[in-house]
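Descriptive structure summary
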Amino acid sequence: MSDDHKPKAEPKAAELHGILAEYDTPDQLISAATKVRNAGFEKWDTYSPFPVHGIDEAMGIKMTVLPWLTLGAGLTGLFTAITMQWWMNAYDYPWLVSGKPLWSIPANVPIMFELTVLFSAITTLVGMLMLNGLPHPSHPLDLIRRFGRVTDDKFFLLIQAADPKFDETDTRKLIDATQPVAVENVPEDRVTPDDMPKGLVYALIVVTCAAVLPVALAVKARHSRTDKARIHIIQDMDSQPKYKAQRENPIFADGRADREALPGTVAVGHLNEDDHFFRGRVGGAWARTFPAQVELSDETMARGKQRFGIYCTPCHGQAGQGDGMVHKRAEALAQGGWIQPSNVTQEYLRNMPVGELFNTITNGIRNMPAYGPQIPPEDRWAIIMYVRALQKSQAGTLNDVPESERGSLK
Amino acid sequence: MATEKGKKDEGKEPKKADKGGSGGGSKGGSGGGSGPTQPEYADDNIRLGAAGQSLFTKAAAVGAVGLAAAVGLGSSAGDGFKRFSLSYTTAFMWVLALGLGALFWVILQNLVNAHWSIVLRRVGEIVAAQAPLLAILALPIVVPIFTGNSSIYIWSNHEAMSANHALHKKAAYLNSSFFLIRFIVYFGFWTLISRYFLNSSLAQDASKDPKSIMGKMRAVAGPAMIGWALTMTFCSVDLLMSLDPMWFSTIFGVYYLASCVQGINAFLALVAMFLHKQGVLKKSVTTEHFHDLGKMVFAFTVFWAYIGFSQFMLIWYANIPEETGWFKERFAGGWCSGWGLLSATLLFGHFVIPFFGLVSRHIKRKRPTLAFWAIWQLVMIYLDMYWLVMPNTKAEAPPFALIDICCVIGVLGVFIAGIAYRAKSLNLMPTNDPRLPKSLAFTNL
């Protein structure tokens, strides 16, 4: 150990990078760092196997900008998460989940939390590396043999020759006064290239390109057509261990998967007691008035027009004349057996009680199928209201028009 | 500071420090710290003395007046002490959080072999040792349960339980005789454990072999922590969650834990500042220790929000009436009025604002700002208890009233009197703990 106190012979040709001192304990390092700082040096550093408490103060290291970068990145992550989820879920592809509002902040909070942490963590790591000037492919200390123990049990202090206060003799005296266990002159490194190792650079390029690949495949898939079935990795949703309607179920004697209601029972909300509203009958005869549940209003009329357009016009036509697209197509095919749909404005239908019209829509008639299962009763009544309006429009007289409007028709 | 110590240390124990270094050991939070053989607290005052007696007298008097006023206001309300009981439960659960938090804190420091906290450990031990006092303070709300006619815990009444079909299954757990057993187990366990740690710590002061006592305390800390977690969880379920026996949340214990841990760290910071004013522990408890307490207050600001939101989000997502009803009560009135305003106050006042308030290192290292946020968070923890308990008044808005303040003053006064009574005759620092030098020399990175 005593040999270590004397500087080793150095190659004469090499330029001096700095003076390196070695210490046995973190306390000696802190003590030495305080002295070097007080001497007014700027280009110097300490090296230790682990973070040493108090070294920042001893070296006079100020707070960096890193906490602010982290805070900024965290807030950026937070707002990125909010904006992204709003855009995805409520704007670009509105997707209703269990009846919640399209943009539900509570559902977004986990992602907000995660992106906040992710952005902060990555920024802290990258910011730390950049502020430290890393990665640093070559350093003169790498060539000093004793410096290897900095990752084990030794503590080092290096004053660079580039420091304006540096003077080979005086600085050496200063370092000797800190009682190091060894002092060594560090020559400049003229051997190791300053550039990043080529292999590492190529590897990074390859990895970066590979990272673009999934995105590129996704873009290609979005802008091309294929006849092949999509790759189906997770089958769970398609083959579920359950019985579907119309399938056979060996558990029951009748072998049916969908069960009928027990005799004498009614499903909740399906009692449908009101004869007028649900069946169009009042006191054993067809109702001649609309039931109380149906509001005679512009809204109901508009609803009726819309529903008529959806369910009735394919056969009966826009004006209810029995000339819808289905009828035209059937005529064009001329395959026979086709009965023209009724003209809903003809006289016997004009005189038909609304209750009977309701029954027709509900249960169907002749070729017309039952629409009861598809259209809720209030919509059926709304359709009837619109049919009545159509009938009025075809068979109305001047007397049906309000007096104030008659002038415009003459 | 560390540098100065380093100098002294150089000649004496270089090998020890070297060994610590080669182990790469900054694990204890002070790997680079020094280990001086000469105790640094030698000239520090570690006795409260007369100030303790005076604090005890004042706190006991204020507490007694507060409790008397609360009982007076409660009886004049003429509602069978229902309003008083709810108000008292709020105040009691708030103070219980400090007592339980202290016990948690003491067990934790032993469990992880912490160095930084040794200078504060005795204070924590004394606060934790108030468990029997807390058991007595619990009597006004638990005795009616034992007798089966609590005005706020409807499950204590057997007939009321039988009348409510939805509660039949819960009667196996929620009944007064089983609760009596649990109550004894909770407070018995806390009393035993807190006594054990305080007595061992005191024995260590005089012991010639402090290291073996340290090891024993550490060995007890593991099982003690498990026991603490279970008793704290079930106690919070019994005393807070069962106020609305139809409602349940499996995360509830952890939610109360957040208040316990944040509460005790804020409380210890304030206690240390009070001690400094009395000229006690002035050189031992430094900015570094305050910084660490501040970090814990900050960490549990986030933890509280994390747990509180986890509880809310699952219930919000599943949207099952028997669970959402509890939140519906607490959100009534929207963001700006009624219970909803209190919920919003907690969201912003207990999390968002203190998050940005406490995030900076400088704020945690300056005593006035740390004191401000410690008091702020203690107030918020009280409001959190209020938010948990008071909707059971079925009032349309938080019924803040004088009785609430009287209950807080009463329970807190008695609690502080108990701490002062214990603290006045004891060393307020474990002077003989082998880790003390490291704690004294502790610095944050």
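Residues numbered from 1 in each chain as written. Chains lettered and ligands numbered in written order. Predicted model: local features only at pLDDT ≥ 70, side-chain atom pairs only at ≥ 80, totals over all residues.

Helix and strand counts for chain A stand at 14 helices and six strands. Relative to its length of 410 residues, chain A is extended, with a C-alpha radius of gyration of 44 Å against a globular reference of 22 Å. Principal-axis analysis of the C-alpha atoms gives chain A an extent of 125 × 65 × 50 Å. When burial is assessed residue by residue, chain A has 20% of its 410 residues classed as buried. Expressed as a percentage of contacts within chain A between residues at least 6 apart in sequence, the contacts between residues at least 24 apart total 70%. (Helix = DSSP H or I, 4+ residues; strand = E, 2+ residues; numbered from the N terminus. Rg over C-alpha atoms; globule rule 2.2 N^0.38 Å. Buried ≥ 20, exposed ≤ 12 C-beta atoms within 10 Å, placed from the backbone. Contact = placed C-beta atoms within 7 Å.)

Next up on the list: the overall build of chain B. On a plain count of helices and strands, chain B comes out with 17 helices and zero strands. Taking 445 residues into account, the globule formula puts the C-alpha radius of gyration at 22 Å, and chain B, at 23 Å, falls close to it. Across its three principal directions, the C-alpha atoms of chain B cover 80 × 40 × 35 Å. Scored against the burial criterion, the 445 residues of chain B give a buried share of 47%. Counted over contacts in chain B with a minimum sequence separation of 6, partners at least 24 positions apart contribute 80%.

Right, let's get into the pairing of strand E3 (residues 155-160) of chain A. Residue and element names in this part refer to chain A. Counting buried residues along E3, five of its six residues qualify, which places the element largely inside the surrounding structure. Note: strand E1 (residues 16-23) against E3, six bridges, orientation antiparallel. Residue pairing across strands places Ala21 opposite Leu157, the latter belonging to E3. Across four bridges, the pairing between strand E2 (residues 44-47) and E3 is antiparallel. Looking at the pairing, Asp45 lines up with Leu158 of E3. (Pairing = 2+ DSSP bridges.)

Here we come to the environment of B:Leu243. Residues and elements named next belong to chain B. Inspection of the secondary structure assignment puts Leu243 in the loop between helix H9 (210-239) and helix H10 (252-277). According to the C-beta neighbour criterion, Leu243 is buried, with 21 such atoms within 10 Å. When sequence neighbours within four positions are dropped, the list of residues in contact with Leu243 reads Ile152, Tyr153, Val389 and Asn392.

This part is about the sheet that holds strand E4 (residues 182-187) of chain A. Residue and element names in this part refer to chain A. Ordered by their spatial adjacency, four strands build an open sheet running E2-E3-E1-E4, and the pairing between neighbours is antiparallel. Unpaired on one side and paired on the other, E2 and E4 mark the two borders of the sheet. When strand polarity is set aside, the average angle formed by the axes of neighbouring strands in this sheet is 20°. (Axes fitted to C-alpha atoms, helices over the stretch in contact; angles between N-to-C directions.)

Turning next to unusual backbone geometry. A:Pro135 follows A:Leu134 through a cis peptide bond whose omega is 0°. Of note, A:Pro135 is situated in the loop between helix H4 (105-131) and E3. Of note, B:Asn113 is a non-glycine position whose phi angle comes to about 55°, a positive value. Looking at the secondary structure, you find B:Asn113 in the loop between helix H4 (82-111) and helix H5 (118-128). B:Asn113 sits in the partly exposed class, given 14 other C-beta atoms within 10 Å.

Turning to H10(B), a few remarks are in order. Helix length check: H10(B), at 26 residues, gives a terminal C-alpha distance of 38 Å against a target of 38 Å (1.5 Å per residue), a fit within 8%. A large share of H10(B) lies buried, amounting to 20 of its 26 residues. (Expected span 1.5 Å × (residues − 1).)

What follows concerns the confidence of the model for chain B. All names here are of chain B. Here chain B shows a mean pLDDT of 89. Residues at 70 or above account for 90%. At the low end of the mean pLDDT range in chain B sits helix H2 (residues 14-22), at 37; at the high end sits helix H15 (residues 367-389), at 97. Segment residues 1-38 is flagged for pLDDT under 50; beyond a separation of four residues in sequence, or across chains, it makes 82 contacts in the model. Across the whole predicted complex the pTM is 0.72, and at the interface the ipTM reaches 0.78. (pLDDT = per-residue confidence, 0-100.)

Glancing now at the confidence of the model for chain A. Within chain A, residue pLDDT values average 88, and 96% of them lie at 70 or more. In the predicted structure, residues 1-11 of chain A sits below a pLDDT of 50 and forms ten contacts with residues beyond four places in sequence or in another chain.

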